[in-house]
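Chain and residue survey
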4 protein chains.
Amino acid sequence: MVISTRDLALAGADVARDFAAARAATLALCDPLSPEDCAIQSMPDVSPTRWHLAHTTWFFETFVLEPQIADYVPFKPAYRTLFNSYYETVGEQHPRAQRGLLSRPTLAEVLVYRAVIDQRVLELLRRLAPTDRPAWLRVVQLGVQHEQQHQELILTDIKHVLACNPLYPAYRQAAAAPAVAPAPQGWLAFEPGVRWIGREAGGIAFDNERPRHRVYVDSFELADRLVTNAEYLAFIDDNGYGRSDLWLADGWAKIHADGWAAPLYWVHREDGWHEFTLAGLRPLEPNAPVCHLSYYEADAFARWAGARLPTEQEWEIAVEDESIEGNFVESERLHPSPAPAGPRENAAQLFGDVWEWTSSAYAPYPGFRPLAGSLGEYNGKFMCSQYVLRGGSCATPRSHVRPTYRNFFYPHQRWQFSGFRLARARG
Amino acid sequence: MVISTRDLALAGADVARDFAAARAATLALCDPLSPEDCAIQSMPDVSPTRWHLAHTTWFFETFVLEPQIADYVPFKPAYRTLFNSYYETVGEQHPRAQRGLLSRPTLAEVLVYRAVIDQRVLELLRRLAPTDRPAWLRVVQLGVQHEQQHQELILTDIKHVLACNPLYPAYRQAAAAPAVAPAPQGWLAFEPGVRWIGREAGGIAFDNERPRHRVYVDSFELADRLVTNAEYLAFIDDNGYGRSDLWLADGWAKIHADGWAAPLYWVHREDGWHEFTLAGLRPLEPNAPVCHLSYYEADAFARWAGARLPTEQEWEIAVEDESIEGNFVESERLHPSPAPAGPRENAAQLFGDVWEWTSSAYAPYPGFRPLAGSLGEYNGKFMCSQYVLRGGSCATPRSHVRPTYRNFFYPHQRWQFSGFRLARARG
Amino acid sequence: MVISTRDLALAGADVARDFAAARAATLALCDPLSPEDCAIQSMPDVSPTRWHLAHTTWFFETFVLEPQIADYVPFKPAYRTLFNSYYETVGEQHPRAQRGLLSRPTLAEVLVYRAVIDQRVLELLRRLAPTDRPAWLRVVQLGVQHEQQHQELILTDIKHVLACNPLYPAYRQAAAAPAVAPAPQGWLAFEPGVRWIGREAGGIAFDNERPRHRVYVDSFELADRLVTNAEYLAFIDDNGYGRSDLWLADGWAKIHADGWAAPLYWVHREDGWHEFTLAGLRPLEPNAPVCHLSYYEADAFARWAGARLPTEQEWEIAVEDESIEGNFVESERLHPSPAPAGPRENAAQLFGDVWEWTSSAYAPYPGFRPLAGSLGEYNGKFMCSQYVLRGGSCATPRSHVRPTYRNFFYPHQRWQFSGFRLARARG
Amino acid sequence: MVISTRDLALAGADVARDFAAARAATLALCDPLSPEDCAIQSMPDVSPTRWHLAHTTWFFETFVLEPQIADYVPFKPAYRTLFNSYYETVGEQHPRAQRGLLSRPTLAEVLVYRAVIDQRVLELLRRLAPTDRPAWLRVVQLGVQHEQQHQELILTDIKHVLACNPLYPAYRQAAAAPAVAPAPQGWLAFEPGVRWIGREAGGIAFDNERPRHRVYVDSFELADRLVTNAEYLAFIDDNGYGRSDLWLADGWAKIHADGWAAPLYWVHREDGWHEFTLAGLRPLEPNAPVCHLSYYEADAFARWAGARLPTEQEWEIAVEDESIEGNFVESERLHPSPAPAGPRENAAQLFGDVWEWTSSAYAPYPGFRPLAGSLGEYNGKFMCSQYVLRGGSCATPRSHVRPTYRNFFYPHQRWQFSGFRLARARG
């Protein structure tokens with residue numbers, strides 16, 4: 001993440017406010033959880049909630065306190081390894097797949113760790129004169145963005161943990177989505193040409209959103225809303241999972257190896273399809289966007305529908321003039337919602353609801369430069385074999401979302417709130 | 001387990017007393033543990049403490065309450081599957097390797113489950129007239145034995161969980177063992193002949209200890225104490241793990257596949273060998289019995305020492321006239337202790353300290369009959385590819401140990417408190 | 001294998017004759033095979049035919065020529081590793097699971113290797129004066145026994161290779177078995193008592209058959225013929241593979257993990273059950289002994305039948321006075337045959353047809369001593385987690401079979417010609 | 001592959017000539033191989049030579065003969081499954097990883113299969129009037145391209161098979177490369193702008209090279225030769241495999257999981273680095289291009305060198321005006337050669353020597369349309385998680401190479417003749 005000096009006009013009081021708010025928001029997410037809930041790792045991709053709480057704290061201790069405080073005495077030296085996620089240049093890491101084997105430090109101990117580090121960071125921020133805008137302030141802001149990423153991960157990960165339990169326990173009761181029947185999907189048309197993509201200098205952004213650069217984009221059309229559960233059911237009912245011609249070879253192999261025949265969290269019972277949500281098991285809502293899909297499934301549906309997935313450039317062009325509104329974590333629905341009823345002039349659901357798979361492999365922009373030092377590991381080293389998703393989800397904080405924001409996952413992963421919209425060449 | 005009618009003279013008040021004591025003892029073992037400690041499964045062989053608490057309760061609900069109470073209303077129907085260990089004839093089981101994925105029911109909820117079922121069992125026992133000695137009383141007693149087995153497993157399993165943590169947290173401080181230097185190992189000699197083996201009719205026993213039967217046993221000699229850490233270190237220092245001629249082929253493959261070069265829980269540091277114990281990481285005690293060994297390692301050491309492991313029959317013959325004294329869980333040392341100093345006339349450490357590997361494959365005794373019904377799955381179906389261990393350990397309750405008791409594990413398993421003593425042909 | 005000095009009265013001309021005959025018999029087995037057939041390893045347990053041809057030659061080069069010829073120049077130094085099966089004390093081994101990756105030396109080159117080593121061994125034998133009976137002659141005889149073991153393995157392994165091919169090619173046409181309907185199975189009764197087991201001193205035997213020793217055996221009854229395909233089909237039709245109470249826990253796990261529902265090589269087609277044989281796919285012969293079963297399956301059938309498997313001691317006692325007659329490789333049937341029709345006074349099919357699973361874990365006899373040096377690895381190091389089979393099969397050379405002969409395999413293995421007969425306590 | 005009607009002016013005699021030449025060239029490649037060589041599959045990616053011989057024949061039988069000949073009688077119905085590579089819409093496939101388990105049909109039988117199908121195809125081509133240019137002629141031409149792809153695979157696969165053999169046998173002696181010391185690497189500069197990429201309509205091309213379309217490409221510089229062994233050794237000697245900051249996260253995980261510390265086929269001996277080649281093990285030639293690298297390794301080297309890999313568009317722009325000359329299979333060197341000595345005005349080694357990794361994920365061009373029917377599976381379904389390689393190798397037939405040709409492999413694969421050249425932003 002690069003933050004220009006100009007943006008730091010708000011620091012440090014404003015940074016302190018953002019910091020405190022983000023840290024409090026993380027804790028609030030844990031309210032409904034027992035210590036046991038916070039201890040479990042249901043697969044290697046998932047981290048225990050308690051680990052998230054500690055790791056985000058480790059981030060501030062390692063990247064803010066240690067470099068800024070002379071003779072810094074670490075809270076606990078062993079935490080440097082225990083809560084290092086993937087920063088090879090920082091040192092050893094407790095193996096990712098074994099995060100769920102740690103019963104200590106307990107939740108109570110981790111909360112103390114958080115409180116102490118929070119205190120130290122705020123103290124550091126307080127010492128900052130209004131005219132003093134050091135580079136490390138940007139790291140605090142990066143830490144806030146990082147905290148927000150883990151807020152979303154806490155929700156996606158605990159959803160996976162709870163879904164492993166045959167009792168299907170709810171995380172918490174959620175706000176109801178409006179019961180509407182959206183209009184059929186329409187298409188928005190875009191002209192060909194050379195366009196600018198990526199975040200301009202200045203303003204908050206991760207390094208992977210930069211530099212802003214030119215691309216040539218052919219004319220195309222983009223769906224004006226997300227694909228729904230009802231539409232995806234039609235694909236299933238048309239033997240979508242049984243027709244090899246619809247699938248990428250890797251996807252065809254995956255659905256057979258793992259026996260996939262529906263999105264993750266769909267459960268078929270005698271009385272029809274249900275979906276596990278953070279509010280428990282509920283009958284499938286036909287008008288809600290389909291969610292928890294792999295890239296393979298999104299791609300196969302698109303082929304079945306005679307369309308394709310958009311590129312990340314097409315998606316970014318389409319949202320250029322859109323305001324960032326949508327169903328974010330603040331709505332407390334914790335689940336994607338149907339598109340508004342009635343006719344649409346603009347695209348709906350661009351932001352929030354679900355991360356939208358694009359057909360773009362996650363790659364560096366021309367001229368990409370990772371952050372200096374260990375923080376250079378933040379994004380760049382993952383630019384291989386993953387696909388870009390755009391737009392944020394119902395588990396993303398509103399303030400975390402940007403039009404140029406690039407999320408990325410492997411094509412087989414589907415425990416994120418991932419869905420998609422269609423695109424096609426202009427006819 | 002078969003309990004004769006004669007033994008039930010003590011029932012039902014005495015059974016109620018045993019039941020209440022066993023159930024309380026289990027809870028006491030959990031005192032030092034946090035909810036997180038109780039949630040974690042560090043490998044498929046290990047079960048979370050919380051699962052042990054629930055499963056032992058399930059045992060009484062399934063095998064005592066359900067058959068005895070007309071129109072029995074289960075505490076929670078889903079528990080029948082969740083906490084079924086391996087009883088195929090009872091129904092489905094939550095997969096063993098996924099016991100650690102369950103965060104619900106929480107520890108608090110499981111404790112309620114225990115309390116309710118305890119109440120119901122005691123009520124049932126109270127209804128029993130003094131002259132009334134029904135067959136199901138034997139099942140309650142079997143449940144008490146079963147409870148004791150899981151008490152030991154709670155300790156062995158939590159030791160494995162804590163050992164996975166680089167912080168090496170202690171389970172609790174333990175009573176110190178006497179600091180003694182035992183005399184060198186001597187040999188006790190036994191005559192050849194036809195001998196009786198196994199538990200006679202009457203008295204508490206598992207089905208696998210019966211029927212009592214004759215075997216012919218050649219003359220042999222048995223070591224008068226357990227092999228010590230110091231002796232095992234000499235084996236290591238003599239390149240014991242590097243000499244193929246000392247090892248069974250399966251063992252040689254295993255130590256290379258898993259990189260074994262010392263017993264489980266041994267940790268080499270700059271200042272020498274340490275051992276993880278339930279009281280934390282401690283310098284290796286040279287005079288204590290070596291512990292947490294596989295069958296392969298015990299067998300290789302014996303070959304290196306020019307000896308062999310005893311058969312289970314030899315071991316049983318040797319203990320025939322010995323009183324059941326030793327370092328059991330009641331000593332609160334939670335770790336094997338050195339043999340007493342001074343000269344020995346009888347064998348030391350036969351009971352307690354460590355389960356002793358024998359060279360006997362776990363097999364049915366001639367004429368073996370498993371218990372009727374689902375409880376027939378208790379022991380018989382495991383009589384394949386496992387080896388018999390004898391004598392109980394420092395984690396076994398004193399009242400659980402019998403001269404005829406047959407414990408059994410696969411030859412590669414070493415997370416139990418397993419050690420060994422030597423035997424040899426009479427020269 | 002231990003051969004007494006007395007037996008060497010026949011040496012060396014007789015040994016040379018045995019050697020030449022065994023070596024020729026091996027080559028004859030390869031007549032029907034193409035170079036491709038001889039190259040393939042269909043699973044780690046299986047070795048390519050070409051590897052068998054080379055390894056048996058390596059045996060004579062390594063254990064006879066190298067020690068006996070001063071300044072011996074190896075045929076090819078690289079073969080010492082390439083064709084070492086499992087002799088750690090000889091040196092490195094080409095990994096077992098990668099024997100099928102070697103295309104060189106070609107079959108033609110291996111045949112040259114055989115011819116050259118044969119010549120050298122015979123030359124060595126010729127040099128032997130009639131009165132000169134050195135210890136190494138015993139090693140040549142061990143090599144002949146070893147050669148015979150690999151003759152059987154060539155057949156069992158090529159059967160597995162060909163069975164992997166959807167074309168089901170035949171190894172060669174086989175002599176037809178007599179079409180008879182054997183009488184129902186009867187029982188032979190044996191008295192209890194202390195009995196002698198194992199091979200007496202003198203005479204050819206492997207080290208694992210010794211020392212001869214006493215055991216106490218209770219009274220028992222032994223089936224007077226092998227279990228047939230028809231009887232095993234009744235077990236299948238009675239849902240034998242679906243009833244957990246019939247199975248050892250390991251077996252129940254295995255049949256589910258690998259989807260077993262019938263013996264290996266059974267193929268169900270529209271017109272009923274077929275069996276892949278060395279003569280190709282043929283309709284299942286109901287009266288032939290069931291074959292290619294795991295220990296788990298034999299054990300489950302026995303439980304279903306209200307019986308059990310015999311111990312190896314019981315089996316040995318039963319054959320004590322029987323002559324070694326049966327359906328061996330010399331019959332050229334290459335498949336087990338129905339028991340003779342008509343009433344039986346003695347047990348049928350004790351030798352030949354199929355190796356009979358016993359309930360005895362493979363363990364050293366009391367006082368067991370492996371051969372000295374590298375040949376000590378021949379048998380002893382495998383005495384763990386395997387079960388003893390007795391009696392030889394339709395793929396075993398007649399002269400290789402002895403009443404005390406102990407074959408051994410893991411309980412899940414079934415690519416050998418393995419079947420079983422029932423036993424039970426005397427009623 | 002799409003061939004325009006115009007190109008078919010040459011048909012059918014010319015197609016027959018191409019067909020016959022390609023089929024003969026395949027057979028010629030097998031001359032040095034024994035039946036055993038042709039039988040072995042050394043890893044799932046590798047196919048036995050014999051399988052290649054049969055599969056390319058299957059291609060003509062399935063896609064040319066069956067559709068064109070009424071009541072076509074297949075050579076052997078079972079071959080439809082046995083030799084189907086990955087065409088789901090054609091039907092079942094013998095599992096890829098089990099191609100090496102088939103010993104039948106033998107090499108001799110496969111050669112008969114080839115001869116018969118060749119005859120039938122040529123007969124079909126002969127029946128074609130000079131003015132008659134049917135669509136299926138294009139399929140024959142696709143089959144010729146397909147045959148050429150498998151010619152290269154025969155070489156890359158047999159290299160892997162032979163390299164698994166500790167004897168390091170040579171495929172055949174190879175023509176020597178000129179012993180030259182190329183000039184240091186220089187840079188060629190390219191201007192930014194909108195450029196056309198992909199194969200224009202008409203002319204031979206695979207579907208994945210089309211449609212021709214515009215892209216915007218920034219200014220860049222491209223290395224004027226390939227990276228050499230000497231340069232790659234400098235990377236190794238500078239601890240290149242030990243510095244996490246140089247590696248993609250997936251690559252870092254892979255080199256640790258598989259213990260990679262040098263390119264595939266590099267062997268370190270006492271007298272220095274050697275390389276296994278199709279002519280056997282040879283001392284590493286410092287001036288030859290480095291070969292048999294994964295994408296991860298090429299990418300890490302580029303980062304270490306302060307450069308990056310080119311995109312496939314940059315590479316294509318650079319070769320636009322270059323003639324297709326280089327070290328192809330026809331040179332009979334079967335190994336990449338040093339770049340010519342002396343100063344360079346143009347880039348060297350663009351074609352032949354090694355396939356060059358680009359940084360471009362393999363994706364459909366805008367407006368991509370796969371071929372109709374089963375042949376639509378030829379390329380499109382693999383457009384996921386693979387990277388594009390360009391330019392052909394020393395194992396590629398000269399006539400198979402095109403400037404727009406897109407080869408593709410997974411980033412971890414390195415058994416192909418894969419190397420790379422550097423690129424960088426224009427300074």
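A short tour of the structure in this document, coming up. (Residues numbered from 1 in each chain as written. Chains lettered and ligands numbered in written order. Predicted model: local features only at pLDDT ≥ 70, side-chain atom pairs only at ≥ 80, totals over all residues. Heavy atoms only, no water.)

**Some details on the environment of Arg126(B)**
This is how it is decided: A run of H or I in DSSP becomes a helix once it reaches four residues, and a run of E becomes a strand once it reaches two; helices and strands are each numbered from the N terminus.
Here Arg126(B) is to be found in helix α4 (residues 107-126). In this structure the C-alpha to C-alpha distance between Arg126(B) and Ala13(B), which are 113 residues apart in sequence, comes to 7.5 Å.

**Some details on the packing of aromatic side chains**
Counted only if it meets this: The criterion for an aromatic pair is that two Phe, Tyr or Trp rings (for Trp, the six-membered ring) have centres within 6.5 Å, with stacked assigned to planes under 30 degrees apart, edge-to-face to planes over 60 apart and tilted to the rest. Any residue under 20% of the maximum accessible area for its type is buried, any over 50% is exposed, and the rest in between are partly exposed; the area is computed with a 1.4 Å probe on protein chains only. Sitting over a ring, as applied to charges here, requires NZ of Lys or CZ of Arg to be within 6 Å of the ring centre and within 35 degrees of the ring normal.
One pass over the full model with this rule turns up 148 aromatic pairs over all chains. Judged by centre distance (5.9 Å) and plane angle (40°), the ring pair of Phe75(A) and Tyr79(A) falls under tilted. The class of Phe75(A) is partly exposed, set by a relative accessible area of 25%. You can call Tyr79(A) buried: its relative accessible area is 3%. Centre to centre, the rings of Phe235(C) and Trp304(C) are 5.5 Å apart; their planes meet at 70°, and the pair counts as edge-to-face. Residue Phe235(C) is found in helix α6 (residues 229-237), and its partner Trp304(C) is found in helix α8 (residues 295-304); the two are separated by 69 residues along the sequence. The exposure class assigned to Phe235(C) is buried, which follows from its relative accessible area of 0%. Directly above the aromatic system of Trp260(C) lies the positively charged group of Arg414(C), at a separation of 3.7 Å from the ring centroid.

**Things to note about the relation of the copies chain B and chain A**
Inclusion rule: Alignment of the copies relies on least squares applied to C-alpha atoms, considering only residues that score at least 70 for pLDDT in both. Should any heavy atoms of two residues lie within 4.5 Å, those residues are considered in contact.
When chain B is fitted onto chain A, the two copies agree to an RMSD of 0.0 Å after a turn of 180° and an axial shift of 0.1 Å. What we have between these two chains is a two-fold relation. For chain B, the residue whose C-alpha comes nearest the rotation axis is Glu36(B), separated from it by 2.7 Å. Mapped onto chain A, 100% of the interface residues of chain B again fall at the interface, so both copies present the same surface.

**Comments concerning the sheet that holds strand β6 (residues 272-277) of chain A**
Residues and elements named next belong to chain A. What counts here: DSSP-based pairing: two strands are paired if at least 2 bridges between them are found. For every element, the axis is a line fit to its C-alpha atoms; helices are fit only across the contacting stretch, and the angle between N-to-C directions ranges from 0 to 180 degrees.
Strand order in the open sheet formed by three strands is β5-β6-β7, with antiparallel pairing between adjacent strands. Each edge of the open sheet is held by one strand with a lone partner, namely β5 (266-269) and β7 (280-283). If you compare each strand with its neighbour and ignore which way they point, the axes differ by 35° on average. Taken together, the four bridges between β6 and β7 define a ladder with antiparallel strand orientation. For Glu 275, the partnering residue across the bridge sits in β7 and is Arg 282. With respect to the sheet, helix α6 (residues 229-237) is in contact with β5 and β6, its orientation differing from that of β5 by roughly 65°.

**Let's talk about the relation of the copies chain D and chain C**
Expressed as a screw operation, the relation of chain D to chain C combines 0.0 Å of axial shift with a rotation of 180°, fitting to an RMSD of 0.0 Å. The fraction of interface residues of chain D whose copies in chain C are also interface residues reaches 100%, indicating that both copies meet through the same surface.

**As for the pairing of strand β5 (residues 266-269) of chain D**
All names here are of chain D. Sheet topology places β5 next to strand β6 (residues 272-277); four bridges connect them, and they run antiparallel. Its bridge partner being in β6, Val 267 is matched across the sheet by His 274. The hairpin turn running from β5 into β6, its antiparallel successor, is two residues long.

**Structural notes on helix α2 (residues 49-68) of chain D**
Put simply, the rule reads: Every helix has an expected span of 1.5 Å times one less than the residues it contains.
End to end, α2(D) covers 28 Å across 20 residues, agreeing with the expected 28 Å (1.5 Å per residue, within 8%). With respect to burial, α2(D) is a largely interior element, 17 of its 20 residues being buried.

**Quick word on the interface of chain B and chain A**
Accessible area lost upon the coming together of the parts is a frequently used measure of interface size. Selection rule: The quantity reported as buried area is the accessible area (1.4 Å probe) lost by two parts once they are put together, taken as the sum for both. For this analysis, a salt bridge means a side-chain nitrogen from Lys or Arg found within 4 Å of a carboxyl oxygen belonging to Asp or Glu.
With 29 residues of chain B in contact, the opposing surface of chain A contributes 29 residues. For the pair chain B and chain A, the summed buried surface comes to about 2200 Å²; carbon and sulfur atoms form 63% of the total. Of all residues in chain B, the largest losses of buried area upon contact with chain A belong to Glu36(B), Leu101(B) and Arg104(B), amounting jointly to 30% of the total for that side. Put simply, chain B and chain A have two salt bridges between them.

**Overview of helix α8 (residues 295-304) of chain B**
Residue and element names in this part refer to chain B. With respect to burial, α8 is a largely interior element, eight of its 10 residues being buried. Residues of α8 that are buried: Tyr 295, Tyr 296, Glu 297, Ala 298, Asp 299, Ala 300, Phe 301 and Ala 302. Structurally, α8 contributes buried residues whose contacts are with α6 (229-237), α7 (249-257), β10 (355-361) and β11 (387-390). Immediately beyond the C-terminal end of α8, within one or two residues, lies Gly 306, with a positive phi of roughly 70°.

**A short note on the side chain of Thr156(B)**
All names here are of chain B. Note the threshold: For this analysis, a polar contact is any N or O atom pair within 3.5 Å, provided that within protein one partner can donate a hydrogen and the other can accept it, and provided that sequence-adjacent residues contribute only side-chain to side-chain pairs.
Here Thr 156 is to be found in helix α5 (residues 135-163). Thr 156 sits in the buried class, given a relative accessible area of 0%. There is a polar contact of 3.1 Å between the side chain of Thr 156 and the backbone oxygen of Leu 153.

**Details of the arrangement of the chains**
What separates chain A from chain C at the closest point of their C-alpha atoms is a distance of 15 Å, and the two make no contact. With no contact between them, chain B and chain D keep their nearest C-alpha atoms 15 Å apart.

**Examining the nonpolar core**
The following threshold applies: Only buried residues count toward a nonpolar core. Its members are Ala, Val, Leu, Ile, Met, Phe, Trp, Tyr and Cys residues joined through side-chain atoms within 4.5 Å.
With 99 residues, the main nonpolar core has Tyr171(C), Tyr232(C), Phe235(C), Trp247(C), Trp357(C), Leu375(C) and Phe420(C) as its most contacted residues. The element contributing the most residues to this core is helix α5 (residues 135-163) of chain C, with 12 residues. The residues touching Tyr171(C), leaving out its near neighbours within four places in the chain, are Leu29(C), Pro32(C), Leu33(C), Leu155(C), Ile158(C), Leu162(C), Leu278(C) and Leu334(C). Core analysis: the next-biggest nonpolar cluster, separate from the first, contains 98 residues, Val139(D), Val161(D), Cys291(D) and Leu375(D) among them.

**As for the sheet that holds strand β6 (residues 272-277) of chain B**
Residue and element names in this part refer to chain B. On the basis of which strands lie adjacent, the open sheet formed by three strands has the order β5-β6-β7 and antiparallel pairing. Two strands bound the open sheet, and with one partner strand each, they are β5 (266-269) and β7 (280-283). The sheet shows a mean angle of 35° between the axes of neighbouring strands, taken without regard to direction. Running over the sheet, α6 touches β5 and β6 and is turned about 65° from β5.

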